[in-house]
Amino acid sequence: MRVLVGPAGSSGLGNLEGVKQVANLGMQAMECEFTYGVNLSNEKAKLVGELAKKLNISLSVHAPYYINLNSNEKKKIEDSKRRILESCERGHYLNATHIVFHPGFYGKKSKEETFDIIAEEIIELVKTIKEKKWNVKLAPETTGKINVFGDLNEIMELTKKTKCSFTIDFAHILARSKGKIDYDDVFDKLKNHDHLHCHFSGIEWGEKGEKNHKLTPDKEIKELVSEIMKRKKSVTIINESPNPMKDALRTKDEFVKQGYKW
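So, here's what we can say about the structure. (Residues numbered from 1 in each chain as written. Predicted model: local features only at pLDDT ≥ 70, side-chain atom pairs only at ≥ 80, totals over all residues. Heavy atoms only, no water.)

For the rest of this paragraph, the subject is the overall build of the protein. Assigned secondary structure in the protein consists of 9 helices and 10 strands. Against the compact-globule benchmark of 18 Å for 262 residues, the protein has a radius of gyration of 17 Å, which places it among compact chains. Projected onto its principal axes, the C-alpha coordinates of the protein cover approximately 50 × 45 × 30 Å. Here the protein holds 262 residues, and 55% of them are scored as buried. A fraction of 77% describes how many contacts in the protein between residues 6 or more apart in sequence connect residues 24 or more apart. Accessible surface, the protein as shown: approximately 12,700 Å² in total, 48% of it carbon and sulfur. (Helix = DSSP H or I, 4+ residues; strand = E, 2+ residues; numbered from the N terminus. Rg over C-alpha atoms; globule rule 2.2 N^0.38 Å. Buried < 20%, exposed > 50% of the residue type's maximum accessible area, 1.4 Å probe, protein only. Contact = heavy atoms within 4.5 Å. Areas by Shrake-Rupley, 256 points an atom, 1.4 Å probe, with all protein chains shown as cover.)

Written out as structure tokens, the structure is:
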């Protein structure tokens, strides 16, 4: 069992200072956020990656939000793929493990047709990554809104078909199922995967699923940590709350309380 905990982003410090802060706080991971665009050069990414390696911080990348591999417009699909590949290139120089992204919307297409279209595009992306020899894993994420592709079953089937990796967002699963999360069912579906890349935070939800992220309640931190400890599951947990540095640290502290030793 190996546990890595850290924040989504650097809380405004910038990636270099963010990595230093994560290390100073005794955490082990950080996700570099390209939320509104890939605004990091390969040269700067390499510097951040070298520092993270020196400080033993595991990095991952969140690709821009403007991605829809199921768009009716070919240009939007091509732009989406370009953003993903730009994230992969920076991720390679960062020595990042996973490139996280939201695959797309159902729109007016059926769930089955949406799956086939997205899978085809991801297979092409995986091929390009291999050709470029970028050492990263594509990691489509479980999503929190019911009109967005990415429930747990879809993501797991996508992984099987395309040989990509994945990201499990426990808050999104909670929102998509309107406040109920069956940890036995979730972990049963993940039992054949050795190390899970995960997101976590508090979340507000309604009839259509996710509304917005919020600070992570103590009760939900304790519950998730308990479920992971019970199963001795190796995980990376990236906190995405409005205060990700503080909530990631609270998560780390809860692992210590429940007996995990780094």
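Both the distance between ring centres and the angle between the ring planes are used here to describe each pair of aromatic rings. Per the counting criterion, the structure on display carries 10 aromatic pairs. Between F255 and W262, the aromatic rings sit 6.2 Å apart at their centres with planes inclined by 80 degrees, giving edge-to-face as the arrangement. F255 gets classed as buried once you look at its relative accessible area, which sits at 0%. Clustering of aromatic rings is evident, with ring pairs tying together Y36, Y65 and Y66. Sitting above the plane of the W262 ring, K252 keeps its charged end 5.6 Å from the centroid. (Phe/Tyr/Trp six-rings, centres within 6.5 Å; stacked < 30°, edge-to-face > 60°. Lys NZ or Arg CZ within 6 Å of the ring centre and 35° of its normal.)

Looking now at the nonpolar core. Counting residues in each nonpolar core, the largest one holds 71 residues, and the members touching the most others are L59, L94, I122, L138, F170 and F255. The element contributing the most residues to this core is helix α4 (residues 111-132), with 7 residues. Excluding residues that lie within four positions of it along the chain, F170 makes contacts with I181, Y183, V186, F187, C198, H199, F200 and L224. (Core = buried A, V, L, I, M, F, W, Y, C linked by side-chain atoms within 4.5 Å.)

Take the sheet that holds strand β2 (residues 29-33) next. Spatially, β2-β3-β4-β5 is the arrangement adopted by the 4 strands of the open sheet, whose pairing is parallel. This sheet does not close on itself; its edge strands, each paired only once, are β2 and β5 (137-140). Adjacent strand axes in the sheet meet at a mean angle of 30 degrees, parallel and antiparallel pairs treated alike. Where strand β3 (residues 58-62) meets strand β4 (residues 98-101), 2 bridges bridge the pair, whose relative direction is parallel. In the strand pairing of β4, V61 is matched with I99. Contacts from helix α3 (residues 74-94) reach β2, β3, β4 and β5, with the element oriented near 150 degrees to β4. (Pairing = 2+ DSSP bridges. Axes fitted to C-alpha atoms, helices over the stretch in contact; angles between N-to-C directions.)

Everything listed here is a matter of geometry and, on its own, says nothing about what the molecule does.
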